[in-house]
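# A look at the structure
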Amino acid sequence: PRMRCASSPPSWSNAWPEAVPVPVPVHPADEGALVARLRAAGCVFAEDEAALLRDLPVSKREAAIAARIAGAPLEHVLGWVELDGVRLAVGPGVFVPRQRSRFLVQEAAARTLPDSLVLDLCCGNGALGRLLAERVEVSVHACDIDPVAVALAVRNLAPVGGTASTGDLFEAVPPALRGRLGTILANVPYVPTEAEELMPRDVRASEPLRTRAGGADGLDVLRRVALAAPDWLAAGGVLLSELAEHQEVAAVAVMTDAGLITTTAQDEDGTVVVIGARSRSPRR
């Protein structure tokens, strides 16, 4: 199987601190050889990847090339991923946020009021909370069960004043946020058990199973989140989650059964976002 490569390979400008020496230019012949090596390893966008890898400092370049050829995701090799023009730190063993999740952020931004409190649940490296904060002036808290991912989220959220904590779903959320959240972004794992073997080999080898395993129908984690969300949302607050097109009907039922007013949105690529709103009416 071919390796998964970044769908839109990012530029390399300003990727390294000023203290790092300027990368040594690669001779054209060496560049051609690098492209050939990457192509032979199965990289579909070999030229684009070669352009990124050759700009690494010499001290890191060959190890990075070897790791990529061995099957490591390009984003893990480079140490960053770019979404919506924002460069975000990512590292080995941590879920790489997908370009398609920009649609989830777009839908959240359309429903999030300025100065809202936002929770990025199952945050990974904190990409979605950061991107939302780039669009709307909000306060973001993120949480994830993986402390390595949370450490990256702390770095990625720092420019927008966000915070992050470690724990299982809402157990990691500061109690002071209960009933006050305007938006919950929950990019939960949603790959059904039987579909795991269909995932790209490099994804299965490089990202923890827990970041995609959603149980028999892919909605096990969403059920847990939806049941707890009403207690954490402010009146009129919204929970948004991404899922596959074939899961839409079942996901709507999950949200509705949890007492949320549910709608969905879908982009041209088939990515579905299910949106559950807490009623604005006082609770009985």
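Parameters at a glance
Residues numbered from 1 in each chain as written. Predicted model: local features only at pLDDT ≥ 70, side-chain atom pairs only at ≥ 80, totals over all residues. Heavy atoms only, no water. Helix = DSSP H or I, 4+ residues; strand = E, 2+ residues; numbered from the N terminus. Buried < 20%, exposed > 50% of the residue type's maximum accessible area, 1.4 Å probe, protein only. Contact = heavy atoms within 4.5 Å. Areas by Shrake-Rupley, 256 points an atom, 1.4 Å probe, with all protein chains shown as cover. Pairing = 2+ DSSP bridges. Axes fitted to C-alpha atoms, helices over the stretch in contact; angles between N-to-C directions. Polar contact = N/O pair within 3.5 Å; in protein donor to acceptor, adjacent residues only side chain to side chain. Phe/Tyr/Trp six-rings, centres within 6.5 Å; stacked < 30°, edge-to-face > 60°. Lys NZ or Arg CZ within 6 Å of the ring centre and 35° of its normal. Salt bridge = Lys/Arg side-chain N within 4 Å of Asp/Glu carboxyl O. Arc of directions from axis to C-beta. pLDDT = per-residue confidence, 0-100.

Turning our attention to the overall build of the protein. Scanning the protein from terminus to terminus reveals 10 helices and 9 strands. When the 284 residues of the protein are sorted by exposure, 52% land in the buried category. Sequence separation of 24 or more characterises 64% of the internal contacts of the protein that already satisfy a separation of 6 or more. Of the roughly 13300 Å² that the protein leaves accessible, carbon and sulfur atoms contribute 55%.

This part takes up the sheet that holds strand S5 (residues 163-166). With mixed pairing, the 7 strands of this open sheet are ordered in space as S5-S4-S3-S6-S7-S9-S8. Both edges of this open sheet fall to S5 and strand S8 (261-266), since each of them pairs with a single strand only. Across the sheet, the mean angle from the axis of one strand to that of its neighbour is 20 degrees, orientation sign disregarded. For strand S3 (residues 117-121) and strand S4 (residues 139-144), the ladder comprises 5 bridges, and the chain directions are parallel. From the neighbouring strand, leucine 117 faces S4, where its bridge partner is serine 139. Sitting on the sheet, helix H5 (residues 102-111) is in contact with strand S6 (181-186), strand S7 (233-243), S8 and strand S9 (272-277), with an inclination near 165 degrees to S7. Of the strands in this sheet, S4 and S5 are in contact with helix H7 (residues 147-157), which crosses S5 at around 175 degrees.

Relative to the assigned elements, serine 101 resides in the loop between strand S2 (86-89) and H5. Polar contacts involving the side chain of serine 101 include one to the side chain of glutamate 242, which spans 2.7 Å. Setting aside chain neighbours within four positions, we find serine 101 in contact with Leu128, Asn187 and Glu242.

In this description, an aromatic ring pair is defined by two values, namely the gap between the centres and the angle between the planes. Within the structure shown, the criterion is met by 1 aromatic pair. Taking NZ or CZ as reference, arginine 87 lies 4.0 Å from the ring centre of tryptophan 80, over its face.

Within the secondary structure, aspartate 84 sits in the loop between strand S1 (80-83) and S2. Take aspartate 84: its relative accessible area is 37%, and that puts it in the partly exposed class. Discounting residues that sit within four places of it in the chain, aspartate 84 has contacts with Arg102, Leu131 and Arg135. A polar side-chain atom of aspartate 84 sits 3.2 Å from a polar atom in the side chain of arginine 135.

What follows is about the pattern of salt bridges. Going through the model one piece at a time under the given rule, you end up with 14 salt bridges. A salt bridge links arginine 87 to glutamate 82; its shortest N-O distance comes to 3.4 Å. On the basis of relative accessibility, which here comes to 23%, the residue arginine 87 falls in the partly exposed class. Here arginine 135 and aspartate 84 are joined by a salt bridge, their closest N and O atoms 3.2 Å apart. Note that arginine 135 is positioned in helix H6 (residues 127-135) and aspartate 84 in the loop between S1 and S2, a separation of 51 residues in sequence. What you see here is one network of salt bridges that share partners, running through Asp84, Arg102 and Arg135.

On to helix H10 (residues 248-257), then. Those residues of H10 that fall on the buried side of the exposure criterion are Ala251, Val254 and Met255. On an axial view of H10, the arc spanned by its buried residues comes to 95 degrees, and they lie on one face. Those residues of H10 that are exposed and aimed more than 90 degrees away from the buried face are Val249 and Asp257. Contacts from the buried residues of H10 go to helix H9 (220-232), S7, S8 and S9. With its phi angle positive at about 90 degrees, glycine 259 sits one or two positions after the end of H10.

Further remarks concern the confidence of the model for the protein. On average, the protein scores 86 in pLDDT, and the residues at 70 or more come to 88%. Segment residues 1-29 is flagged for pLDDT under 50; beyond a separation of four residues in sequence, or across chains, it makes 61 contacts in the model.

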